[in-house]
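The chain contents come next:
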Amino acid sequence: MPQNKNKTAQHKMKLIASLTSPFARKVRIVAAEKHIEYELVVDLPWEPDTKVPEYNPLGKVPVWVFEDGKTLFDSRVIVEYLDSVSPVGHLIPTDPRARIAVKRSEALADGIIDAAALAFMERKRPEQQQSPEWLARQLGKVAAGLATMSADMGMNNWCQGDSFTLADIATGCALGYLDFRFPELDWRRSQPHLSEYFDRIMQRPTFKDTVPVG
Ligand code: GSF
C-alpha cells in the first residue's frame with residue numbers, strides 16, 4: 001500500500017551529505033562496502049536554506065540520522081558505527097595495534113583534506129584578502145602529509161596490513177579530493193607509488209560510484 005511505503009521511506013536511516021564532500025564520500029564508501037542501506041539526502045551546508053544545522057550544531061556534513069531521529073557526526077564516528085553494526089567485511093581490525101594504526105591513517109588522510117579544504121577556501125577569497133602565508137602553511141601540511149602517507153605505505157599494496165581497510169578508504173578519499181580541488185598540485189608526480197595505488201583502488205565500484213561532482 002502506498003501509505004505504508006511512504007511510512008517506511010520516512011523511517012529509513014539517512015545520510016545527509018553533499019556530493020563533493022570527501023568526508024561524506026568516506027561514509028558512502030564504507031556503507032556501500034558493508035551493504036548498509038540508507039537514504040542519501042543531499043544538502044549543501046553553505047547554502048542559505050540548508051537544514052544541516054538542525055541535525056548537526058556544527059553545520060557540517062556528513063550527518064547520519066537514525067530511524068528515531070537521533071544523529072551521529074562526524075565522519076569518523078559514523079564509519080566506526082557502520083563498521084561495528086554489520087559483520088560484512090570488517091574495515092577496522094579488532095587487534096588493538098592494528099586497529100589504532102588504521103585510525104591513525106584515517107586521521108592523516110582527514111588531516112590532509114582539512115588542510116586542503118582550508119587552502120581551497122582561502123583561494124576563493126578576493127585576491128587582496130588572501131594570505132599567501134596561510135595558503136603556504138596549509139599546502140605545506142598537504143605535502144608533508146602525502147610524504148608520510150607514502151612512507152607509511154612503503155611498497156605495500158594496502159595502507160595497513162595485508163587487506164583493504166578503512167585506512168584505504170580514507171586515503172583514497174583524500175587523494176581523490178586533491179585531484180578534484182587541486183589538480184595543479186600534481187601529487188602523482190612526487191608520489192608515484194601512491195598514484196599507482198590510487199588507480200588500483202579507483203577500480204572498486206564503491207569508489208567509482210562516488211567520484212566527486214559539482
Ligand atoms: C569534517 C566535516 C567537514 O568539514 C568530518 O565529518 O569528518 N571532521 C568532519 N565538512 C564540510 C564539507 S567537506 O569539506 O567535507 C562542511 O560541511 N563544511 C561546512 C561548514 O560550515 O564548515
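Residues numbered from 1 in each chain as written. Predicted model: local features only at pLDDT ≥ 70, side-chain atom pairs only at ≥ 80, totals over all residues. Heavy atoms only, no water.

Draft legend 1. Just the nonpolar core, in detail. Counting 52 residues, the largest nonpolar core has Trp64, Leu82, Leu146, Met149, Leu175 and Leu194 as its most contacted members. Elements represented by at least two residues in this core include exactly strand S1 (14–17), helix H2 (22–33), helix H4 (75–85), helix H5 (96–124), helix H6 (132–153), helix H7 (166–181) and helix H9 (192–201). Setting aside anything within four residues of it in sequence, one finds Leu146 in contact with Ile112, Leu175, Leu178, Trp187, Gln191 and Leu194. Of all hydrophobic cores here, the second largest spans five residues; its members include Ile16, Val61, Val63 and Val65. (Core = buried A, V, L, I, M, F, W, Y, C linked by side-chain atoms within 4.5 Å. Buried < 20%, exposed > 50% of the residue type's maximum accessible area, 1.4 Å probe, protein only. Helix = DSSP H or I, 4+ residues; strand = E, 2+ residues; numbered from the N terminus. Contact = heavy atoms within 4.5 Å.)

Draft legend 2. View of the sheet that holds strand S2 (residues 39–42). Pairing is mixed across the open sheet formed by four strands, whose spatial order is S2-S1-S3-S4. The outermost strands of the open sheet, each flanked by one partner alone, are S2 and strand S4 (71–72). Two elements, strand S3 (residues 63–65) and S4, share two bridges in a ladder whose sense is antiparallel. For Val65, the partnering residue across the bridge sits in S4 and is Thr71. Against the sheet, H4 engages S3 and S4, with an angle of about 45° to S3. (Pairing = 2+ DSSP bridges. Axes fitted to C-alpha atoms, helices over the stretch in contact; angles between N-to-C directions.)

Draft legend 3. How the structure looks around the packing of H6 against H7. Contact geometry of H6 with H7 gives a least axis separation of 12 Å together with a crossing angle of 140°. The orientation of H6 relative to H7 falls into the category oblique. Seen from above, H6 lies across H7 with left-handed handedness. Across the interface between the two elements, Val142, Leu146 and Met149 from H6 touch Thr171, Ala174, Leu175 and Leu178 from H7. (Parallel < 35°, antiparallel > 145°, perpendicular 65-115°, else oblique. Left-handed = near helix turned anticlockwise from the far one by under 90°.)

Draft legend 4. Seen up close, the pairing of S2. Summarising the sheet, S1 and S2 pair through four bridges and their orientation is parallel. Looking at the pairing, Lys14 lines up with Glu39 of S2. Following the chain from S1 across H2 to the adjacent parallel S2, one finds a crossover that is right-handed. (Right-handed = clockwise from strand over helix to strand, strands pointing away.)

Draft legend 5. Representation of H4 within the structure. Where H4 is concerned, the buried positions are Ser75, Ile78, Val79, Leu82 and Asp83. For H4, the angular spread of buried residues about the axis comes to 130°, placing them on one side. Those residues of H4 hidden inside the fold are in contact with H2, S3, S4, H5 and H7. (Arc of directions from axis to C-beta.)

Draft legend 6. Summary view of the packing of aromatic side chains. Under the definition given, this model contains four aromatic pairs. An angle of 80° between the planes, with centres 5.1 Å apart, marks the rings of Phe66 and Tyr81 as edge-to-face. You can see Phe66 sitting in the loop between S3 and S4 and its partner Tyr81 sitting in helix H4, a full 15 residues away along the chain. A relative accessible area of 23% places Tyr81 in the partly exposed class. Considering the side-chain rings of Trp187 and Phe198, the 5.8 Å spacing of their centres and the 75° angle between planes classify their relative orientation as edge-to-face. Here Phe198 lies in helix H9 and Trp187 lies in helix H8 (residues 187–190), a separation of eleven residues in the sequence. (Phe/Tyr/Trp six-rings, centres within 6.5 Å; stacked < 30°, edge-to-face > 60°.)

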